[in-house]
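# Structure at a glance
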Amino acid sequence: MTDGSAVPADSTSSEQIVTGLLAAAQLTVSAEEKAQMIKDFPKVRAGADALYLPELEFVEPATRFDPARYYTA
Amino acid sequence: MTDTKTTQTEVGPDAPGTVKTNLTIAEAGAALRSGTLTSTALTRTILDRALALNDALGAYVVITEDAAMEQAAAADADFAAGIDRGALQGIPLAIKDIIAMKGAPTTANSRVLAPDWGHGTDAVVTDRLRAAGAVFVGKATTSEFACGLPDPDKGFPVPHNPWNVAHTPAGSSSGTGVATAAQLALGGLGTDTGGSVRGPACVNGHTGLKVTFGRVPKNGVVPLGFSLDSIGPMARSALDCALLLEVMAGYDAGDPNAAKVDVPKYSELLAGGVEGLKIALPVPYFFDHEALDPEQRSAVLAAVNQLVGLGATSDEIVLEHAAEAKDANHIIMVGEAYAYHRDNLVHRWEEYGRFTRPTLGRGAFYTAADHVQANRFRTYWAEQVATVLGEYDVIITPSAPTPAERADAMDASSRLAKPGYTGHWNLCGLPAVAVPVGLSSSGLPLSMQVIGRPFAEATVLKVAHTLQQITEHHLLVPPVEALMAA
């Protein structure tokens, strides 16, 4: 299992990634907000990347779809 | 820790302006039934306090004065006619402003929500309280869309902690928390996705219950995190929370997540003490984190010792990856919220509050795989907690790492790095009650959290109630009279 790590190595890559993600999401933020997002981005990604744990290799997600739910008796 | 009790002037029974406001719901109910109090007098007094203090405390978005007095008069008329709709008849309550309520707008404290959202309707839970004869003082302030922090530039009241207005009342159910603490209501409704009932209960010094996911139907409530949200009672005592919950809880077909589980008479299940109760204390992260305030830790452990003195037992345990559980809850919440808000974030970014939009916008920084992985972690975490609760009756932690922070020190980014002790239990859908356990040396409330098995609200409330039979922390009232005089 890979950990899918996307923690940027430096602030330059954080800026590039945040710029790209905001553009892809079509979010128009102020320069001040963008600067804060760039600063926060390593922490945001670290929180997500930390969830790719070896213990979860055979674990199913806590989501369930019940096809029968949409049919009345 | 100080043990100072701020007292309220106790005066005569019934004339408006002379009615005690530091009543629990149970006490007020007894007075209403004994004829020493009318709902009209109680409601008038509460309304006068709310009107006098709302500029200073920001508890309400709107105070529904006329409608409240009509409800109070109807409650009194019912009492006079021998009609008793139960413990909430004639009781003034605050309704968080993401919950629909007839006769008042639902704003979610946002310029983005459609002005006619929920117009003219009650949420299921509001309807149940109304049918039980409750009185609605108004719509209580919330963090915008139940996330973020107040933005004073958006035109909504900014809530303040009544124990010290320079400190946060927490969120997102800030208004209900402030109103309950400052006696601008006897209790009310909050919602909880990662701690939004327990946080305000913790820092404002009263009791607040996050219920089992699905225990209270959510139709008529603006969503934040679909798979995490719950509606919970907030009040001074555990008994009051029980009285509220037995009206609020129960299946409704309009909420696909509503549970078809019988609703017990919670208020009748709180007696009997804690003899034989098995308590698990998860020490790593929850009791040994460097950010945990020593006074908060000491107060919680002192309360545990009191429970042990009453016959409970406690063991230290380990919950692996507790720090990651906080992140998993956050990622699921932000992902679900981002899906709901996406189009508005694209087109109306600046209409959101300045602390709300970066929190919601964070959803753009997580991948779909991250969301799935957070849900895989959720399974792992729920199984681990279930194993613990297979052996123990409850888990106890501090409700938060610290007492209320200074409001001017808070921002959307700082939360990323800090520990949190509440979202863990939304992640596994469990009931958890925040219980006051004293005041800090700076006079701010301290709080303990009691977590139980699914639908074991009676168990966690019983632990809180037992503690509240031998302590008065939940009865302390904040020093708001100076604000009133000003």
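In this convention, every chain numbers its residues from 1, walking through the sequence in written order. Going through the entries in the order they are written, you letter the chains from A and number the ligands from 1. Restriction of local features to residues with pLDDT of at least 70 applies here, the model being predicted, together with a cutoff of 80 or more for giving and counting side-chain atom pairs; totals for whole chains, interfaces and linings are based on all residues. The side-chain numbers reported here are obtained from all heavy atoms of the structure, hydrogens and water having been left aside.

## Concerning the interface of chain B and chain A
The contact criterion used throughout is that any non-hydrogen atoms of two residues lie within 4.5 Å. Listed per partner, the contact involves 33 residues of chain B and 33 residues of chain A. Both faces considered, chain B and chain A share a buried interface measuring about 2800 Å² in area, 63% of it formed by carbon and sulfur atoms. Accessible area, probed at 1.4 Å, shrinks when two parts are joined; the buried area is that loss added up over both. Among the residues chain B hides against chain A, the three largest losses belong to Trp349(B), Phe365(B) and Arg376(B). Together they make up 26% of the total. The rule for a salt bridge is simple: a side-chain nitrogen of Lys or Arg has to be within 4 Å of a carboxyl oxygen of Asp or Glu. Seen at the junction of chain B and chain A, the total is 2 salt bridges. Salt-bridge contacts for Arg45(A) lead to Asp370(B); the nearest nitrogen and oxygen are separated by 2.5 Å.

## A word on the layout of surface pockets
Here a cavity is any set of points on a 1 Å grid over the protein atoms alone where a 1.4 Å probe fits but cannot get out, and a pocket is any open set with protein on both sides within 12 Å along at least 5 of 7 lines; a residue lines the site when it has an atom within 4 Å of a point. Grid points are joined across faces, edges and corners, and a volume is the space filled by probe spheres set on the points. Here the second largest pocket defines a volume of roughly 1100 Å³. As for the second largest pocket, its lining consists of 27 residues, of which Ala62(A), Thr63(A), Arg64(A), Phe213(B) and Asn257(B) are closest to the centre. Here the lining of the second largest pocket gets 7 residues from one element, more than from any other, and that element is helix 11 (residues 368–391) of chain B. A breakdown of the residues in the lining of the second largest pocket according to their chemical character gives 15 nonpolar, 7 polar and 5 charged. Secondary structure counts use DSSP, requiring at least four H or I residues in a row for a helix and at least two E residues in a row for a strand, with both numbered from the N terminus. Note on residue categories: nonpolar means Ala, Val, Leu, Ile, Met, Phe, Trp, Tyr, Cys or Pro, charged means Asp, Glu, Lys or Arg, and polar means any other residue, Gly included.

## Description of the side chain of Thr191(B)
All names here are of chain B. Tracing the chain through its elements places Thr191 in strand 4 (residues 187–192). Overall, the relative accessible area of 5% leaves Thr191 in the buried class. Any N or O atom pair separated by 3.5 Å or less is treated as a polar contact, with the protein-specific requirement of one donor-capable and one acceptor-capable atom, and with residues adjacent in sequence counted only for side-chain atom pairs. Within the structure, the side chain of Thr191 is placed 2.6 Å from the side chain of Lys96, a separation counted as a polar contact. For the exposure calls, accessible area comes from a 1.4 Å probe over protein chains only, and a residue counts as buried if that area is under 20% of its type's maximum, exposed if over 50%, partly exposed in between.

## Comments concerning the packing of helix 2 (residues 39–57) of chain B against helix 3 (residues 65–80) of chain B
Residue and element names in this part refer to chain B. One can describe the packing of helix 2 onto helix 3 by two numbers: an axis separation of 8 Å at closest approach and a directional angle of 160°. With respect to their mutual orientation, helix 2 and helix 3 come out roughly antiparallel. Note that helix 2 runs across helix 3; the crossing there is right-handed. Residues Ser39, Thr40, Thr43, Arg44, Leu47 and Leu51 of helix 2 form the contact with helix 3, whose own contacting residues are Glu65, Ala68, Met69, Ala72, Ala73, Ala75 and Asp76. Taken together, the residues of the contact of helix 2 with helix 3 sort by class into 7 nonpolar, 3 polar and 3 charged. Axes here mean lines fitted to C-alpha atoms, for a helix over just the part in contact, with angles spanning 0 to 180 degrees between N-to-C directions. What sets the label is the angle itself: under 35 degrees gives roughly parallel, over 145 gives roughly antiparallel, 65 to 115 gives roughly perpendicular, and the rest give oblique. Handedness of a helix crossing follows the sense of rotation of the near helix relative to the far helix, less than a right angle counterclockwise being left-handed and clockwise being right-handed.

## Re empty space enclosed by the protein
Residue and element names in this part refer to chain B. Summed over the entire model, instances satisfying the criterion amount to 3 cavities of 30 Å³ or more. Approximately 110 Å³ is the volume attributed to the largest cavity. In this structure, the largest cavity is lined by 15 residues; those nearest its centre are Asn109, Glu144, Leu149, Pro150 and Asp151. In terms of residue class, the lining of the largest cavity is made up of 6 nonpolar, 6 polar and 3 charged. Each pocket or cavity is described by its volume, and for the second largest cavity that value is around 40 Å³. For the second largest cavity, the full set of lining residues is Ile98, Ala146, Thr191, Thr193, Lys218, Val221, Val222, Pro223, Leu224, Asp229, Ser230 and Ile231. A class-by-class count of the residues in the lining of the second largest cavity yields 7 nonpolar, 3 polar and 2 charged.

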